[in-house]
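Observations on the model geometry
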Amino acid sequence: MLDFMENVQNAFYEASHWNLDNSYGALNATARALLDFQTPKGLRLQISSLAAPNFATSYTLGNVGVVDGSVSYLYSSLPLRRKLTSSDIDLHHVVKGYRHLQELRRPDERWWWEVWHNGKRVDRRDTLLYGRIFLPQSRLEALYLRRLTPTRQLRISAVSDSNLNNGGTILTLLQNDSGKYSTEYMYSTDSALMGIRGLYNFGADPRVSPTEPVTAQQVAEIVHGRFSAGAELYYGLLNKSGGISTGLRFTTLPNHTGFPYTMTLTLNPLMGNLSSTYAVKAGPNLALCSRFDFNFYSYESELQLGCELWRRRRSTEVDWAVKKLRPDWERPTRARDDDVSGILKARVDHHWRIGVLWEGRIKELLFTLGASLDLKKREQVFRAVGIELQYSS
Amino acid sequence: MAFNFNWSPLIADTSRARDMLTTALNKSPKPPIIVDDIIVTELNLGSTPPELEILEIGDLAEDRFRGIFKMSYTGDAFLTLKTKVQANPLNTYLSTKPDFASPMPLAAASGLTIPLQITLSDIRLSGFVILVFSKQKGITLVFRNDPLESLKVSSTFDSIPFVRDYLQKVIEEQLRVLFMEDLPAIIHRLSLRLFVPEYQELEAETEERLEGTHDSTAPIDPLLTPPQDAVDAFGNPIDASQILAQSLDPTSEMHASFSQKNMLRLAALSESQRTLSLFTPGIREVVFRAWAHNSDRPDSGTVTPGLTQSSLSRIQSTFGGVRSQTSSIASGSTGQDTYSSRPTTGSNYSAPTGLNLGAGRGSRQMHKRKKRVVDLRKSKDVPLSSEVNTPLHSTNVSDTSSIIPEEREREEELSTPPETPVQPSLHFEDEPSRLQENPTIASTAVEGLLPAASFLTDPPKFSKAKLKANSPTHLHDLASEKKERSLPSRSPLSHHRLRSSQQATSPLLRSLSFDKVSSLSSSGSKRPTSPPCAENTSASGGILEQAWMMKIANEIARKVEKEKNRERERERSRSRASQSSSKASATNAHGGLWPLEDELDAPPAYVA
């Protein structure tokens, strides 16, 4: 389950019309959400609040080893309107699962952002500031996010920790997203790592609005999916080492008539690593994912399977009545997640390492129960068990 | 002086060293680039031995050595390791970084593990080595500085400069840790296996015990099993119920009783030591050692696993009381210290009261002793001065009392100071039959011996024997015998009164009592060789007391030592004269008079 502060940041992205999915880094976000989820360790409590539309605080208390905790504050120049109280938060916002990609949105025009007052431009760039200190480790995380232009965003994240080399590290990330393609440039102070990432979406350019009338043929050829390709390149100036990878993705779009699915294929030519994922949303409540890794230098392979299941409560009193409703009758609209009793995520790999996560909402508390098991180690099957509780107002 | 180092047998079998190296290398946290266990596949010590230059020799004996060397090695030893490494530098780099500021590459950081074989050769070492060898403790080898000068690392990745440099750096770091921390431990363990045969048994035993089986496989210790013809430390027969009671009392009591046969043997042994006799009775499970310094005496426990710390120190302190109390007090280990300090303080206390009751054991006596400790602190100056003259006798008496619990109460009421020779002689008169018995024991012991100079090797048993042989033994016998006899004649009322008063004292003090503290310390700190003792770790919270007692004990020890030195001078001259006459007859003639004990010379091993 997403941290409250991550949720707030996502709300900021949403409010500033930034598409998180249109990045090479998010190419296999679905597979990662279904296969690489973190299982909690020990007990963690989080109390948070969006005190004002521009200001959020969060306090965490955990007992991993010793009692530790964190205090975080967030300021956003853009008022955030998303519902963030734990009682009526949208579970789809906090539970990362199958990411159903939407049609690409045409980026805002520059002049849309201009605000003039008395002949002067008075508009400001949207900015987000976030800081979090972990105690008693005295580790500080800081984030500076700024929407420079409608197609550009600057993200500077820093960690200060005495345990790290040079006492900390700073990562600067400049992101450009013009819909059709997106590029990212990064620089990390740690070993002077430089990186570049790019993603190209095949298909129609969302910036070019069709001016000619749509022909019948074009209607018939309506796009059901999107094909994207991307690459990344890193080079550390100080340690003179680098990394490279390329990736492909095909995903169905909402106007696809069958069940939605996503396929990705990534390749690391330097290390010989080939990874393919296939994720399918088999129903409104079920998503399945598989990943196969193969290294053609060492012939090592790995297989992982995962699923996500939304369990919904049946209100038995009205079931019979609902059954009698004609399908074309309009049902009373109600909140989508009201009947969700919990979301089960599970993954297993070919080493019989199992991770299980049970997330949901009880009254006004969001909870995450998780365990990771290793069936091969008979003496210690449970490797980690934990529970996380979140409350926000 | 020359040393002959035999290098070739070291080269012969390195399989065990390989195993130990493997575990040592995998113990410390590995750098992220190494993703599998490090396995030592080949280890060759080479044909060139290291050059050793002796800088200093601190201690030298047949079975002990302490010295400082300057070592330099330019030999042809090599070591081959096998492991798996992460070949993707981005992966290892990111694994140590916090996620928050990580670039989060999609697939550029995917791993590639490569089996790696590393050969370490051209090892150049130079440094100062401190080597301590003792037959009981094995070899302790410590590097004073970082000995690694240079090293050649050749691996599968020699063609990639970055990886090669990285490996060289990482391996050098690991090796430095190995030399400074792990190698001394490995050598120590290896040497223990080599020199101390009990070590392996003990290892197995400890494992068994860890598994929870409180095995009664104590046959290592013939003294542990209740002897058929049980006697206490001073030759008095102990009846079965007493043995039972003692064995019920945890570990510390276990060894209070010895078989008469063993006592005789030990007596003979000690006599042979003292009379240059060539005859040494065969005693099982005993390693004979050279005349040792006091500091080496704690080691003796390693040789005789059967003796618990408690019994050992009791005997030693008794003995030390006879001759030089300091020797037992000044002994090195903490466990020993606390224990041996016990009789001392007991005697310390008893000096003002007139009779020593200090070392009584059993739960009833414990709080009593505790009280005495408090008393001691208050009137520290006064008893100390008087104590200097009398520690010997009082200690002896106290030990007697401790072994036969009933005596204690009786003793408590005796007001005659032990230093007055009248008291023992009283016993003597009381108990002529007993007197007759004892000399026969001693005399048989003496007679059975041929004059020779044999190295007496087992201090605890030796001291036991000494105890037996010395005239104080008879004294104890007499004293205890007399008390036993006279006990019924006492009015039972006083008896009860005393007991009730003892029981009235708080149980808390009892729990903090000495026996537990010292047995705790002895079981915890060292003495892996006395398994029964190690189990007695239930008591807690006596640390302060222990520390304080040690301090006091050391203080007393110093004073006693001074006194002893003076006395020794006197005795030297006297003992020469008394040596001519047979010891047994001398004891007989004097009838256990206290001054006589002073004449009995301690072997040099126990003279501080």
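Notes on the structure follow. Keep in mind the model is a prediction, meaning the values are calculated, not measured.

**Concerning helix α2 (residues 15–27) of chain B**
Residues and elements named next belong to chain B. For α2, which comprises 13 residues, the first-to-last C-alpha distance of 19 Å matches the rise-based estimate of 18 Å (1.5 Å per residue) to within 8%. All of the buried residues in α2 are Met20, Leu21, Thr22, Ala24, Leu25 and Asn26. Contacts from the buried residues of α2 go to β1 (39–44), β4 (78–86) and α4 (161–195).

**A short note on the packing of aromatic side chains**
Throughout the structure, instances matching the rule amount to 13 aromatic pairs over all chains. Considering the side-chain rings of tryptophan 111 of chain A and tryptophan 112 of chain A, the 6.0 Å spacing of their centres and the 85° angle between planes classify their relative orientation as edge-to-face. Exposure remark for tryptophan 111 of chain A: the relative accessible area of 57% places this residue in the exposed category. Accessibility expressed as a relative area gives 46% for tryptophan 112 of chain A, which makes it partly exposed. Geometrically, the ring pair formed by phenylalanine 143 of chain B and phenylalanine 179 of chain B is edge-to-face, given 5.7 Å between the ring centres and 85° between the ring planes. Within this pair, whereas phenylalanine 143 of chain B is found in strand β6 (residues 138–143), its partner phenylalanine 179 of chain B is found in helix α4, the two being separated by 36 residues in sequence.

**Let's talk about empty space enclosed by the protein**
Residues and elements named next belong to chain B. Applying the stated criterion across every chain yields a total of 12 cavities of 30 Å³ or more. Considered as a void within the structure, the largest cavity measures approximately 150 Å³ in volume. Considering the residues around the largest cavity, the lining is formed by 15 residues, among which Leu25, Ile38, Leu81, Ile171 and Gln174 are closest to the centre. Secondary structure elements with two or more residues in the lining of the largest cavity: β4, β5 (113–134) and α4. By residue number, the principal contributor to the lining of the largest cavity is α4, which donates 5 residues. The residue inventory of the lining of the largest cavity, partitioned by class, reads 13 nonpolar, 2 polar and no charged.

**Here's the deal with helix α1 (residues 4–15) of chain A**
Residues and elements named next belong to chain A. Taking 1.5 Å of rise per residue, 12 residues should cover 16 Å, and α1 covers 16 Å from first to last C-alpha, within 8% of that figure. Residues Phe4, Met5, Asn7, Val8, Gln9, Ala11, Phe12 and Tyr13 constitute the buried set of α1. Looking one or two places after α1, you find histidine 17, whose phi comes out positive at around 55°.

**A closer look at unusual backbone geometry**
Residues and elements named next belong to chain A. For the bond running from leucine 135 to proline 136, omega is 5°, close enough to zero to count as cis. Residue placement: proline 136 occurs in the loop between β6 (127–135) and β7 (139–149). Non-glycine residue serine 191 carries a positive phi angle of around 55°. Here serine 191 shows up in the loop between β10 (181–188) and β11 (193–201).

**Let's talk about the interface of chain A and chain B**
In this complex, chain A contributes 38 residues to the contact, which on the side of chain B involves 23 residues. Scanning the region where chain A abuts chain B turns up 1 salt bridge. Two residues, aspartate 190 of chain A and lysine 97 of chain B, come together in a salt bridge whose shortest N-O distance is 3.6 Å. Mapped by element, the contributors of at least two residues to the side of chain A that touches chain B are β7, β8 (152–160), β9 (168–177), β10, β11, β12 (225–236), β13 (241–252) and β14 (261–268) of chain A. By residue number, the principal contributor to the side of chain A that touches chain B is β13 of chain A, which donates 5 residues. Of the residues in the side of chain A that touches chain B, the class split is 15 nonpolar, 17 polar and 6 charged.

The rules behind the values
- Residues numbered from 1 in each chain as written.
- Chains lettered and ligands numbered in written order.
- Predicted model: local features only at pLDDT ≥ 70, side-chain atom pairs only at ≥ 80, totals over all residues.
- Heavy atoms only, no water.
- Helix = DSSP H or I, 4+ residues; strand = E, 2+ residues; numbered from the N terminus.
- Expected span 1.5 Å × (residues − 1).
- Buried < 20%, exposed > 50% of the residue type's maximum accessible area, 1.4 Å probe, protein only.
- Contact = heavy atoms within 4.5 Å.
- Phe/Tyr/Trp six-rings, centres within 6.5 Å; stacked < 30°, edge-to-face > 60°.
- 1 Å grid on protein atoms, 1.4 Å probe; cavity = no way out; pocket = protein on both sides within 12 Å on 5 of 7 lines; lining within 4 Å.
- Points joined across faces, edges and corners; volume = space filled by probe spheres on them.
- Nonpolar A, V, L, I, M, F, W, Y, C, P; charged D, E, K, R; others polar.
- Salt bridge = Lys/Arg side-chain N within 4 Å of Asp/Glu carboxyl O.

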